[in-house]
Amino acid sequence: MNETLRGLPAVHRLLDDPSIARYAQTLGPDAAKRAIGEALDLARASAPQPSSEQIRQMIRDALEHLRRETLVAAVNATGILLHTNLGRAPLSTQAREAASAIGAGYSNLEYDVERGARGSRYGHVRSLLCELSGAQDAVVVNNCAAAVFLAADTLGRGRETIVSRNQLIEIGGGFRLPDVLARSGSDLVEVGTTNKVRLRDFTRAFTPRTGLVLRSHPSNFSIQGFTEDVAPRELADACRSAGVVVFEDLGGGALVDLREYGLPRERTVPEAVADGADLVAFSGDKLLGGPQAGILVGSRAIISRLRANPLIRALRVDKQTLAALGETLRAYTSPERVKTLPLYRMLSIPMGEMRARAQRYVSALGAAARGIETTAYVGGGSLPQERLPSFGVAYRCARGPDAATAALRRGDPPIVARIEHGEVIVDLRTVAPEDDEIVIRALVQLT
Ligand SMILES: *Cc1c(COP(=O)(O)O)cnc(C)c1O
């Protein structure tokens, strides 16, 4: 007999249902009970009363919705290596383990174990950062946007900040340089034009109130055609003579020559330091391939001014970030170790390896799937237009591409794929090989 004829199913029976119990394990029994209670209330108020199976489905839908609200691991099949919405750079095993070990207990975060006294939170990564960048000193904050804000507030407050018009950018998420400078109480002085700026544009703008020259990497756009820019070293020399600080916001923060990875030349952190910038800012989770952080390296005098700004307390990084950052930086101490960073491993996957993996997908999926040459992107507000030859799987689903990608996104784990010409595209450059089985299974289930 249908159990709904005797009334609604009992809460404990629903909790014992394996398809519901699975959620209770991850979301906790209270979340499951709440979802069940809400579904039963809804069922009581509905006419005709939903069947027992319909009620179970309502509960599963509610729990599924809750599960997706929590932070869950996802499979990135988009081919965009530094996908900001998907958490940018994956951490190396070493970085992940360090973050987990330090996060799990007490540490010498701000404690000098030799002296048995208060120590510096920033000391742990400082010597590595100095060694790798060539700078005298370093400090780390929450992200590069915070680094820019701290620098503008420390060096520009009550003074003028010179920015050339070809670099007056909005970084993303409404973080606009003119607004950031206004917030930090600095007067923006624009020089040059959208496409051309020369050294004398800067030097003519120097006044006794000039606090700094801010140079920003044009992370998310490029200007083509008749363009002209100032050589960083010339600008640094002119600024030094005039007693003006040069602050360069590199954004991406590559420590290695990206040409080794088939990418175009990208200004590296050591180059910016060697060119004479007093202060250089970059992200931890872009081309560095580490945790979200904003790294500032520069002269001892400037870094100590940043450290003395009370704002730094509000922008400080946590212990797990510092642990992961330390291990990420350590990977750069030898060329072979750089590929322990997932970003650089993904950049180096040989085409043949991706082709072979695609073949496994095709074997499992049959005629609806084929291997396909794709284009991957570095992404993440760095090298926005840089195309990387890549390889993946094109899958034609009877349900249509929109329904198919939606089903993949709603899976466990969610899989984020692209659509091209009516086909679902799984770009294998960003899918970890150990996730291939999961993706294959999810695609098989679509059929
Ligand atoms: C990405 C970027 C930022 C912001 O970095 P977050 O770490 O995301 O805060 C700042 N400046 C430049 C030039 C960037 O490319």
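All values derive from a computational prediction rather than experimental measurement.

Describing the nonpolar core
No. 1: Core analysis: the biggest nonpolar cluster contains 86 residues, and Leu-296, Val-297 and Tyr-344 have the highest contact counts within it.
No. 2: Excluding residues within four positions of it along the chain, Leu-296 makes contact with Asp-137, Ala-138, Val-139, Val-141, Ala-147, Leu-150, Phe-247, Leu-279, Val-280, Ala-281, Ile-303 and Leu-306.
No. 3: Counting residues in hydrophobic clusters, the runner-up holds 26 residues, among them Met-354, Ile-415, Val-424 and Val-439.

Side note on the site of the ligand
No. 1: Around the ligand, 13 residues are found, and the nearest of them are Ala-145, Ser-219, Asp-249, Ser-283 and Lys-286.
No. 2: Taking Arg-88, its side chain carries an N or O atom lying 2.9 Å from an oxygen atom of the ligand.
No. 3: In the model, an oxygen atom of the ligand is placed 2.8 Å from a nitrogen or oxygen of the Ala-145 main chain.
No. 4: In the complex, the protein chains occlude 93% of the 380 Å² of accessible area that the ligand would expose alone.

Thoughts on the side chain of Thr-268
No. 1: Locating Thr-268 in the fold gives a position in the loop between strand 9 (245-251) and helix 11 (269-274).
No. 2: You can call Thr-268 buried: its relative accessible area is 8%.
No. 3: Apart from the residues within four sequence positions on either side, Thr-268 is in contact with Leu-250, Ala-254, Leu-255, Val-256 and Asp-257.

Looking at the confidence of the model for the protein chain
The predicted coordinates of low-pLDDT regions are not to be read in fine detail.
No. 1: The predicted model of the protein chain has a mean per-residue pLDDT of 93, with 98% of residues at 70 or higher.
No. 2: Predicted confidence for residues 1-5 stays below pLDDT 50, and this span has nine contacts to residues more than four positions away or in other chains.

Here's the deal with the side chain of Asn-76
No. 1: Mapped onto the elements, Asn-76 comes out in strand 1 (residues 75-76).
No. 2: Looking at Asn-76, the relative accessible area reads 13%, which means it is buried.
No. 3: Within the local environment of Asn-76, its side chain forms a polar contact with the backbone oxygen of Ile-80, the two atoms lying 2.9 Å apart.
No. 4: Apart from the residues within four sequence positions on either side, Asn-76 is in contact with Leu-81, His-83, Leu-86, Val-416, Thr-430 and Val-431.

Structural notes on the sheet that holds strand 15 (residues 418-420)
No. 1: Sheet architecture is open: five strands sit in the order 2-12-13-16-15, paired in mixed fashion. With partners counted over all chains shown, the strands left at the sheet margins are strand 2 (80-82) and strand 15, one partner each. Strand after strand, the sheet turns through a mean of 40° between neighbouring axes, direction not considered.
No. 2: Bridge analysis of strand 2 against strand 12 (residues 369-379) gives two bridges, and the strand direction is parallel. Following the sheet pairing, Ile-80 is matched in strand 12 by Tyr-377.
No. 3: Across the face of the sheet, helix 16 (residues 351-365) comes into contact with strand 12, strand 13 (387-395) and strand 16 (423-427) while running at roughly 10° to strand 13.

Parameters at a glance
Residues numbered from 1 in each chain as written. Predicted model: local features only at pLDDT ≥ 70, side-chain atom pairs only at ≥ 80, totals over all residues. Heavy atoms only, no water. Core = buried A, V, L, I, M, F, W, Y, C linked by side-chain atoms within 4.5 Å. Buried < 20%, exposed > 50% of the residue type's maximum accessible area, 1.4 Å probe, protein only. Contact = heavy atoms within 4.5 Å. Near = heavy atom within 4 Å. Polar contact = N/O pair within 3.5 Å; in protein donor to acceptor, adjacent residues only side chain to side chain. Areas by Shrake-Rupley, 256 points an atom, 1.4 Å probe, with all protein chains shown as cover. Helix = DSSP H or I, 4+ residues; strand = E, 2+ residues; numbered from the N terminus. pLDDT = per-residue confidence, 0-100. Pairing = 2+ DSSP bridges. Axes fitted to C-alpha atoms, helices over the stretch in contact; angles between N-to-C directions.

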